[in-house]
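Coordinate inspection notes
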Amino acid sequence: SSGINAEYGGDNSKNKTTSLPEEMVSCVDCGRSAHPSCLQFEGQLAETVKRYNWQCLECKSCSVCGTSDNDDQLLFCDECDRGFHMYCLTPKIERPPEGSWVCHMCKK
């Protein structure tokens, strides 16, 4: 199986890095798959990305406008990994915040 994990190997039954079973997440757009731990997703984030149409970094688009234009303006939520343009948020964010950032969907 090809995918993000090609250099690490493994599948749902075994993560070759940890030797433990781990369910992979797949990008809704390109189909690439990876173990959440290989993407450095930990705790709640590792579970959250399995519950919606997750996009890999290469395919990531804004959850508000749906485009991947101006990818330098995309923020990624630290709790769900969804992308948001700073100018699509209400209120708009002028500069990327320092430290972690949580989207309005996860703050609820």
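So, here is what we can say about the structure in this document. The structure presented is a predicted model; accordingly, all values stated were derived computationally and were not measured.

Before going further, it helps to spend a moment on the overall build of the chain. A tally of helices and strands in the chain yields two helices and six strands. Mapped from its N terminus to its C terminus, the chain presents α and β elements in the order β-β-β-β-α-β-β-α. Counting only C-alpha atoms, the chain reaches 45 × 25 × 20 Å along its principal axes. Accessible area of the chain: about 6900 Å², with a carbon and sulfur share of 46%. For the chain, the separation between the mean place of its 11 positive charges and that of its 16 negative charges on side chains is 4 Å.

In the structure shown here, the tally under the stated rule is two aromatic pairs. Ring geometry for F84 and W101: centres 5.8 Å apart, planes at 70°, overall edge-to-face. You can see F84 sitting in strand β6 (residues 83–85) and its partner W101 sitting in the loop between β6 and α2 (104–107), a full 17 residues away along the chain. Accessibility assignment for this pair places F84 and W101 in one class, buried.

Between T90 and the following residue, P91, the backbone shows a cis peptide bond with an omega angle of -5°. Here P91 is to be found in the loop between β6 and α2. Positioned with a positive phi, S19 is a non-glycine residue whose angle comes to about 65°. Along the chain, S19 falls in the loop between β2 (14–15) and β3 (25–26). Of note, D81 is a non-glycine position whose phi angle comes to about 70°, a positive value. Tracing the sequence through the fold places D81 in the loop between β5 (74–76) and β6.

Quick look at the side chain of D81 now. Given the relative accessible area of 12%, D81 is considered buried. Residues within four places of D81 in sequence aside, it is in contact with F41, L45, V49, Y52, W54, Q55, K60 and F76.

Side chains that carry opposite charge are capable of pairing whenever their charged atoms lie near each other. Under the criterion given, the structure shown has four salt bridges. Here the salt bridges share partners, and the residues they tie into one network are E23, E47 and K50.

Mapped onto the elements of the fold, E94 is located in the loop between β6 and α2. Distance from E94 to Q73, taken between C-alpha atoms, is 9.5 Å for residues 21 residues apart in sequence.

Rules of the game
Residues numbered from 1 in each chain as written. Predicted model: local features only at pLDDT ≥ 70, side-chain atom pairs only at ≥ 80, totals over all residues. Heavy atoms only, no water. Helix = DSSP H or I, 4+ residues; strand = E, 2+ residues; numbered from the N terminus. Areas by Shrake-Rupley, 256 points an atom, 1.4 Å probe, with all protein chains shown as cover. Lys, Arg positive; Asp, Glu negative; His and termini not counted. Charge placed at Lys NZ, Arg CZ, Asp CG, Glu CD. Phe/Tyr/Trp six-rings, centres within 6.5 Å; stacked < 30°, edge-to-face > 60°. Buried < 20%, exposed > 50% of the residue type's maximum accessible area, 1.4 Å probe, protein only. Contact = heavy atoms within 4.5 Å. Salt bridge = Lys/Arg side-chain N within 4 Å of Asp/Glu carboxyl O.

Any functional reading would require information that these geometric values do not contain.
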